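Examining the three-dimensional arrangement
Listed here are the chains, written in short residue letters.
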Amino acid sequence: MTNLQLLRITKGMSQSELAQKLGMRPCDLSKLENRWYARINSRVFGNIKRLFGTEWTFEALMQEASAPSPPSQIVPPPDSSEGEIRKAS
């Protein structure tokens, strides 16, 4: 999943809705989200920036979205027993 797809989903938009807002066909947005295009025209890119923020570059939008990491489980050290209180040294 690209950052562009993640932004679209986060905003609760379908591909058709976003394509309409960007002024492109849904099939072209699908190709864009699936990285079939190496670039897009400046009008569409300007619309993306207006919707999602000016900090986005095309390269950043096409990068794989970072999946949230699962919460780590706290595991007590192997030499301590439950309920044991140690004095700090």
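Residues numbered from 1 in each chain as written. Predicted model: local features only at pLDDT ≥ 70, side-chain atom pairs only at ≥ 80, totals over all residues. Heavy atoms only, no water.

**Comments concerning the overall build of the protein**
- When its secondary structure is counted, the protein shows five helices and zero strands.
- Counting from the amino terminus, helix and strand elements in the protein follow one another as α-α-α-α-α.
- Across the 89 residues in the protein, those meeting the buried criterion constitute 31%.
- At a minimum sequence separation of 6, the contacts of the protein that also span at least 24 residues come to 54%.
- Here the protein has roughly 6,800 Å² of accessible surface; of this, 54% comes from carbon and sulfur atoms. (Helix = DSSP H or I, 4+ residues; strand = E, 2+ residues; numbered from the N terminus. Buried < 20%, exposed > 50% of the residue type's maximum accessible area, 1.4 Å probe, protein only. Contact = heavy atoms within 4.5 Å. Areas by Shrake-Rupley, 256 points an atom, 1.4 Å probe, with all protein chains shown as cover.)

**Re the packing of helix α2 (residues 15-22) against helix α3 (residues 26-33)**
- One way to put it is that α2 packs onto α3 with a least axis distance of 8 Å and a crossing angle of 100 degrees. Classified by the interaxial angle, the pair formed by α2 and α3 is roughly perpendicular. For the pair α2 and α3, contact is made by Gln15, Ser16, Leu18, Ala19 and Leu22 and by Pro26, Leu29, Ser30 and Glu33, respectively.
- Residue composition of the contact of α2 with α3, by class: five nonpolar, three polar and one charged. (Axes fitted to C-alpha atoms, helices over the stretch in contact; angles between N-to-C directions. Parallel < 35°, antiparallel > 145°, perpendicular 65-115°, else oblique. Nonpolar A, V, L, I, M, F, W, Y, C, P; charged D, E, K, R; others polar.)

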